[in-house]
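So you can see what is in the structure, the chains are spelled out below.
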Amino acid sequence: QVQLVESGGGLVQAGGSLRLSCTASGLTLSNYAMGWFRQAPGKEREFVASINRSGSSTYYVDLVKGRFTISRAYVQNTVNLQMNSLKSDDTAVYYCAALRSYTDYESVVYWGQGTQVTVSS
């Protein structure tokens, strides 16, 4: 059974940092591009960042460029999202996803269950 499990969410003050991790079971993450998405209350789920299979290329939505960094840890079969300079607008449930292509955020093959990030102002 394939599972993507996110961790690292929580409550943080504006300007603070969090590091999200996505660990897979039943799936080798290096076979997929990976992405992070988020869904704020009352809003649609939106793309945040993605990374290709080799880890050599990344893509970010403009709102998080320069603040968020996506990375891969192949030995741990994990994908991470380092989030710095957090703002209240970053409050959302964050989901990781396995993608067919890191440039196609609609090519999701598997979703994680999500982790809550709350940024207090």
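Residues numbered from 1 in each chain as written. Predicted model: local features only at pLDDT ≥ 70, side-chain atom pairs only at ≥ 80, totals over all residues. Heavy atoms only, no water.

### Observations concerning the nonpolar core
Point 1. Leu4, Met34, Trp36, Leu81, Met83 and Tyr94 are the most contacted members of the largest nonpolar core, which has 29 residues in total.
Point 2. Looking at this core, the elements with two or more residues in it are strand 3 (18-25), strand 4 (33-39), strand 5 (46-51), strand 7 (68-73), strand 8 (78-83), strand 9 (92-99) and strand 11 (115-120).
Point 3. Ignoring sequence-local partners within four residues, the contact set of leucine 81 consists of Leu18, Arg19, Leu20, Trp36, Val48, Ala49, Phe68, Thr69, Ile70 and Tyr94.
Point 4. By size, the runner-up hydrophobic cluster in this structure holds 6 residues, among which are Phe37, Phe47, Ala97 and Val108. (Core = buried A, V, L, I, M, F, W, Y, C linked by side-chain atoms within 4.5 Å. Buried < 20%, exposed > 50% of the residue type's maximum accessible area, 1.4 Å probe, protein only. Helix = DSSP H or I, 4+ residues; strand = E, 2+ residues; numbered from the N terminus. Contact = heavy atoms within 4.5 Å.)

### Some words on the state of the cysteines
Here a disulfide denotes one covalent bond, and it connects the sulfur atoms of two cysteines.
Point 1. Scanning the entire structure with this criterion turns up 1 disulfide.
Point 2. The disulfide that involves cysteine 22 links it to cysteine 96, with 2.0 Å between the sulfurs. Because the torsion about its S-S bond is 45 degrees, the bridge between cysteine 22 and cysteine 96 counts as right-handed. Of the two residues, cysteine 22 is situated in strand 3 and cysteine 96 in strand 9; the sequence distance between them amounts to 74 residues. (Disulfide = S-S within 2.5 Å.)

### With respect to unusual backbone geometry
Point 1. Notably, asparagine 77 is not glycine yet its phi reads approximately 55 degrees, a positive angle.
Point 2. In this structure, asparagine 77 sits in the loop between strand 7 and strand 8.
Point 3. Residue class for asparagine 77 comes out buried when judged on its relative accessible area of 17%.
Point 4. One non-glycine residue, serine 85, lies in the positive phi region at around 50 degrees.
Point 5. For serine 85, the location among the structural elements is in the loop between strand 8 and strand 9.
Point 6. Its relative accessible area of 40% is what places serine 85 among the partly exposed residues.

### Notes on the pattern of salt bridges
Point 1. In this structure the tally under the stated criterion is 4 salt bridges.
Point 2. For arginine 38, the salt bridge goes to glutamate 46, with nearest N and O atoms at 2.7 Å.
Point 3. What makes glutamate 46 partly exposed here is its relative accessible area of 33%.
Point 4. As a salt-bridge pair, aspartate 62 and lysine 65 come within 3.0 Å of each other at their nearest N and O atoms.
Point 5. Overall, the relative accessible area of 47% leaves lysine 65 in the partly exposed class.
Point 6. The network of salt bridges with shared partners includes Arg38, Glu46, Arg67 and Asp90. (Salt bridge = Lys/Arg side-chain N within 4 Å of Asp/Glu carboxyl O.)

### A short note on the sheet that holds strand 8
Strand pairs in the sheet, formed through backbone hydrogen bonds, run parallel or antiparallel to each other.
Point 1. The 4 strands lie next to each other as 1-3-8-7, forming an open sheet whose pairing is antiparallel. Each edge of the sheet is formed by a strand with only one pairing partner; in this case those strands are strand 1 (3-7) and strand 7. Within this sheet the neighbouring strands show an average axis-to-axis angle of 15 degrees, counted without direction. (Pairing = 2+ DSSP bridges. Axes fitted to C-alpha atoms, helices over the stretch in contact; angles between N-to-C directions.)

### A short note on the side chain of serine 21
Point 1. Mapped onto the elements of the fold, serine 21 is located in strand 3.
Point 2. The class of serine 21 is buried, set by a relative accessible area of 18%.
Point 3. Among the polar contacts made by the side chain of serine 21, one reaches the side chain of asparagine 80 at a distance of 2.8 Å.
Point 4. Among all residues touching serine 21, those that are not within four sequence positions of it are Val5, Glu6, Ser7, Trp36, Thr78, Val79 and Asn80. (Polar contact = N/O pair within 3.5 Å; in protein donor to acceptor, adjacent residues only side chain to side chain.)

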